[in-house]
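If you want the building blocks of each chain, they are given just below.
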Amino acid sequence: MSIIINEEKKLFTLQTNSTSYQMKVDDLGLLLHTYYGKKIPVADMSYNLNDYYLSFSPYDFIGEGWKPHSVDILPQEISTFGNGDFRESAINLRQADGSLGLELRYDSYTVEKGKYSLEGLPSFYGDNAETLIVTLKDKIYDIYVHLYYGVFEEYDLITRAVKIENKTGESIHLEKAMISLDFFNGDYDLVTFHGKHMKERMLQRNSIFYGTTSVGSTRGASSHMQNPFAILCDKEANEEYGNVYGFGLVYSGSFLISASKSHFKDTRVNVGINPENFNYEVEAGGSFTTPEVAMVYSSEGFGKMSRCYHKAIRNNLCRGKCKTARRPVLINNWEGTYFDFNADKLVSMAEDASKIGIELFVMDDGWFGKRDDDHSGLGDWKPNERKLQGTLKKLADRINNTGMKFGIWFEPECISEDSDLYREHPDYAFKMPNRKPSESRNQLIVDMSRKEVRDNIYNQLEKVLNSANISYVKWDFNRHISDLYSVALPKDKQGEVFHRYILGLYELLERITTNFPDVLFESCSGGGGRFDMGMLYYMPQVWTSDNTDPIDRLDIQYGTSFAYPVSTMGAHVSASPNHGTARVTPLKTRGIVAYFGTYGVELDINKMSDEEKTEIQRQILEFKKHYDLIQYGEYFRLQGPFDETKYYTVWEVAKEDGSEAIVASVRNRNEAGLVHEIVKLKNLIPDKFYRINGGEQLYLGGALMEHGLKMEYDFFEYPARLYHITLSE
Ligand code: GLA
């Protein structure tokens, strides 16, 4: 039992393998948060709650005597504006009478087997979880707030979502709809992941201060610039030690994550849809559901938290056939040809690729409409038969005849002004009245909040997918949303457009992934601009970054690994010098970095020497040999790329039982007279002997973990090594 309820005390305790989480209804009917942290036997943790009041904090009275009770200094299970709590609120609700008051009191609860689902929104799923729903009601109005909890014991994962139900008989407006979590302490750091196009998810760590620290996106997409994932942690927390709390938002639109430290040193974390440009009407009898927040607590630092997220995302968020089946090794023509190709060129690439073991050919941007550069064509999802030298089916058959599967690129959410679709339906694009919309990559955004627009796009895509043997789709999104305005909504509902866009996108993704269950979908947004748990519900892999330089990828994949598993990270070997950085790197290094992702190739294979092709062939065999270990093993960041005192970035993937591991190292810094670096390995069996890369020498597991392993030195720039650690007989 992971949900334990003491009816008499109105005490709700959630237990996972290593976590306890608790809330309690107080004498006024408020639902207070009493504990979140290391697992302990069930006990009433309300003894630390404040029973005094502070000046300038409003209060209510409990009981008969003069006993003040300040909502402002009590940890709330969900925080609202307009009830005397001055801290950053999670829910701001404008009543029909115009007031912003919401005073929630306990109403009822239910427990269900299995994990709840959220209509129209992505969320973790599975029978290996339990659900608790606690219902609160406004003191005055018939507004019900249902707090959803999903408890996955084995991953130390607790998910939360909130549904606001309006039974008042009149419309109400949500001006903020987030999830809050209150902590009794204020001495924390906040770890967030910022970035830009071609440099996503750079780790940033700061102390929280008196006031509010926040990161977010107002771009209509989760974005390259901030990821909807953050960690609140002890100041001394590291990979192995300390209390850490992960917050992953299962959402792909504008978001906000904030941590506020109050004057009495508590902390409140708010996570959810960005309240900027958000104003949602909930009609009489209607409801609104927030996106889900996935929380993992670890008392053993970041590493354990990441490993919990990795398993949960792989097993209980990603869906479809490709969730567990080995994904094909692909070649994508983008960095090989950009827009400059025809069918003969693609087939010639496929022929070379097939000979060395590549399994899937992906035709990227430029195959449709009028599209020889990025100024036109988006929206016209009809094959350009001049460029394809025949029908799409003919090209797919030619590729299939080389022994490879065939995949294709789409960017369904964008539209070029120079396209037939735009000429026919200029209103399909977001535009504000009387203003010229701003272009970004010469394109506008399709209003996905409108059903008829989604249907048009769906029908076009369906036709293409049914016209040829297509096994893979790359779903791209190459700009952010400005000029937000939907012609389909009245003026007082324009604050709903951002969220309605995402709901529309999710509906379209659900439709297409359900109707094409055999197709592997990869999400992309100028690389990793929408690498979030929302997209992963529909597509099990994401193109991690347009930056394919393996040394830059060390930073990017390192940051990404805090929440997201290797199996979700699209990673390709590309040409050297790299097209984004001009850096020259060994082919072996490019391969090793791409192994810790989906591994693919993205270059003009026709231009490779025989020697290089043989190396790629060797890499594919090596990658496939270690596939299960790498994709499903336990991931350890042994040495990060940002530590300026270190020369190697080193990581390890180990079998859970410690019987096998693979360690990868890349030397990303160099200097003359470099001393050897010794790195301590993880998750081996202390009293068993191991071999490295099948060599003669035996190494004791305990020694490799406590004394470490010396990284071999290579006298050239950016060398990489793999150390395959196996039990000796
Ligand atoms: C984006 C993607 C690239 C490529 C181009 C095509 O930038 O991230 O991989 O598909 O679009 O225009």
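Values in this document were obtained by computation on a predicted structure and should not be read as measured data.

1. Some remarks on the overall build of the chain
Part 1: Of regular secondary structure, the chain possesses 13 helices and 41 strands.
Part 2: Compactness check: the chain gives a C-alpha radius of gyration of 27 Å against a globular reference of 27 Å for 729 residues, within 12% of the reference.
Part 3: For the C-alpha atoms alone, the extent of the chain along its principal axes is close to 90 × 70 × 45 Å.
Part 4: Looking at the chain as a whole, 63% of its 729 residues qualify as buried.
Part 5: In the chain, the share of contacts with a sequence separation of at least 24, taken over all contacts with a separation of at least 6, comes to 69%.

2. Some remarks on the layout of surface pockets
Part 1: Here the largest pocket is characterised by a volume of approximately 530 Å³.
Part 2: In terms of lining residues, the largest pocket is bounded by 20 residues, among which Glu239, Glu240, Arg637, Leu638 and Lys682 are the most central.
Part 3: Contributing elements (two or more residues each) for the lining of the largest pocket: helix H1 (301-316), strand E34 (634-639) and strand E37 (678-679).
Part 4: At four residues, the largest contribution of residues to the lining of the largest pocket is made by E34.
Part 5: Domain assignment of the residues forming the lining of the largest pocket places at least three in each of domain 1 (3-316) and domain 3 (635-727).
Part 6: Surrounding the second largest pocket, 30 residues form its lining, His197, Arg441, Asn478, Gly526 and Asp546 being those nearest its centre.
Part 7: Each of domain 1 (3-316) and domain 2 (328-629) gives at least three residues to the lining of the second largest pocket.

3. Some points on the pattern of salt bridges
Part 1: Per the stated rule, a full pass over the model turns up 60 salt bridges.
Part 2: A salt bridge links Asp552 to Lys199; the shortest N-O distance between them is 3.3 Å. Within this pair, whereas Asp552 is found in helix H9 (residues 550-560), its partner Lys199 is found in strand E14 (residues 199-207), the two being separated by 353 residues in sequence. Across the pair, exposure class does not vary: Asp552 and Lys199 are buried alike.
Part 3: Across the pair Asp604 and Lys345 runs a salt bridge, and its minimum N-O distance is 2.9 Å.

4. Re the site of the ligand
Part 1: Neighbouring the ligand are 13 residues, the closest being Asp364, Asp365, Arg441, Lys474 and Asp546.
Part 2: Residue composition of the shell around the ligand, grouped by class: four nonpolar, three polar and six charged.

5. Observations concerning the nonpolar core
Part 1: Within the largest apolar cluster, 194 residues are counted, with the highest numbers of intra-cluster contacts made by Met363, Trp367 and Met533.
Part 2: With nine residues, the single largest contributor to this core is helix H7 (residues 497-515).

6. Quick word on unusual backbone geometry
Part 1: Residue Pro577 follows Ser576 across a cis peptide bond; omega there is 0°.
Part 2: Counting through the fold element by element, Pro577 comes out in the loop between strand E32 (572-574) and helix H10 (587-595).
Part 3: Even without a glycine there, the phi angle at Asn683 is positive, about 55°.
Part 4: Of note, Asn683 is situated in the loop between E37 and strand E38 (689-692).
Part 5: At Asn693, a position not held by glycine, the phi torsion is positive, near 50°.

7. Observations concerning the sheet that holds strand E41 (residues 720-727)
Part 1: Spatially, the six strands line up as an open sheet ordered E34-E35-E36-E41-E38-E39, and their pairing is antiparallel. With partners counted over all chains shown, the strands left at the sheet margins are E34 and strand E39 (699-700), one partner each.
Part 2: Across seven bridges, strand E35 (residues 648-654) lies against strand E36 (residues 660-667) in antiparallel orientation. Within E36, the position partnered with Ala654 by the bridge is Ala661.

8. Regarding a nonpolar patch on the surface
Part 1: Where nonpolar side chains cluster on the molecular surface, the patch consists of Phe689, Leu698 and Leu700 and spans about 240 Å² of accessible area.
Part 2: Under the relative-accessibility criterion, Leu700 is labelled partly exposed at 31%.

9. So, the sheet that holds strand E3 (residues 19-25)
Part 1: Sheet architecture is open: four strands sit in the order E1-E2-E3-E4, paired in antiparallel fashion. In this open sheet, the two edge strands, each paired with only one partner strand, are strand E1 (3-6) and strand E4 (31-38). Ignoring which end each strand starts from, the neighbouring axes of this sheet average 15° apart.

10. A short note on the domain arrangement of the chain
Part 1: Each domain of the chain was delimited in the assignment, giving domain 1 (3-316), domain 2 (328-629) and domain 3 (635-727).
Part 2: Using C-alpha coordinates to define each centre, domain 1 is positioned 35 Å away from domain 2.
Part 3: The interface of domain 1 with domain 2 comprises 50 residues on the first partner and 45 residues on the second.
Part 4: Taken over both partners, the interface formed by domain 1 and domain 2 buries close to 3800 Å², and the fraction arising from carbon and sulfur atoms is 58%.

11. Quick notes on helix H11 (residues 610-625)
Part 1: Given a rise of 1.5 Å per residue, 16 residues ought to cover 22 Å, and the 23 Å separating the end C-alpha atoms of H11 matches this to within 8%.
Part 2: Regarding H11, the residues found buried are Lys613, Glu615, Ile616, Gln619, Ile620 and Phe623. Seen end-on, H11 carries its buried residues on one side only, within an arc spanning 155°. Exposed and facing more than 90 degrees away from the buried side of H11 are Asp610, Glu611, Leu621 and Lys625.
Part 3: On its buried face, H11 is in contact with helix H3 (343-355), E32, H10, strand E33 (600-602) and helix H12 (627-632).

12. Looking at the pairing of E35
Part 1: Most of E35 sits inside the fold, with seven of its seven residues counted as buried.
Part 2: Here E35 shows no split at all, with Tyr648, Val650, Glu652 and Ala654 on one side and Thr649, Trp651 and Val653 on the other all buried.
Part 3: Count of turn residues in the E35/E36 antiparallel hairpin: five residues, of which Gly658 carries a positive phi of about 80°.

13. Observations concerning empty space enclosed by the protein
Part 1: Following the criterion strictly, the structure yields eight cavities of 30 Å³ or more and no others.
Part 2: The volume enclosed by the largest cavity comes to roughly 90 Å³.
Part 3: As for the largest cavity, its lining consists of Arg553, Leu554, Gln557, Tyr558, Val593, Phe596, Tyr635, Arg637, Gln639, Thr649, Val650 and Trp651.
Part 4: Considering only residue class, the lining of the largest cavity consists of seven nonpolar, three polar and two charged.
Part 5: Split by domain, the residues of the lining of the largest cavity number at least three in each of domain 2 (328-629) and domain 3 (635-727).
Part 6: Its volume calculated, the second largest cavity comes out at about 60 Å³.
Part 7: What lines the second largest cavity is Leu30, Leu31, Gln76, Ile78, Thr80, Asn83, Leu102, Glu103, Leu104 and Leu136.
Part 8: Class assignment of the residues belonging to the lining of the second largest cavity gives a composition of six nonpolar, three polar and one charged.

Conventions adopted
- Residues numbered from 1 in each chain as written.
- Predicted model: local features only at pLDDT ≥ 70, side-chain atom pairs only at ≥ 80, totals over all residues.
- Heavy atoms only, no water.
- Helix = DSSP H or I, 4+ residues; strand = E, 2+ residues; numbered from the N terminus.
- Rg over C-alpha atoms; globule rule 2.2 N^0.38 Å.
- Buried < 20%, exposed > 50% of the residue type's maximum accessible area, 1.4 Å probe, protein only.
- Contact = heavy atoms within 4.5 Å.
- 1 Å grid on protein atoms, 1.4 Å probe; cavity = no way out; pocket = protein on both sides within 12 Å on 5 of 7 lines; lining within 4 Å.
- Points joined across faces, edges and corners; volume = space filled by probe spheres on them.
- Domains from an automatic or database assignment.
- Salt bridge = Lys/Arg side-chain N within 4 Å of Asp/Glu carboxyl O.
- Near = heavy atom within 4 Å.
- Nonpolar A, V, L, I, M, F, W, Y, C, P; charged D, E, K, R; others polar.
- Core = buried A, V, L, I, M, F, W, Y, C linked by side-chain atoms within 4.5 Å.
- Pairing = 2+ DSSP bridges.
- Patch = residues over 30% accessible without salt bridge, like charges linked within 9 Å, V, L, I, M, F, W, Y side chains within 5 Å.
- Areas by Shrake-Rupley, 256 points an atom, 1.4 Å probe, with all protein chains shown as cover.
- Axes fitted to C-alpha atoms, helices over the stretch in contact; angles between N-to-C directions.
- Buried area = accessible area lost by both parts, 1.4 Å probe.
- Expected span 1.5 Å × (residues − 1).
- Arc of directions from axis to C-beta.

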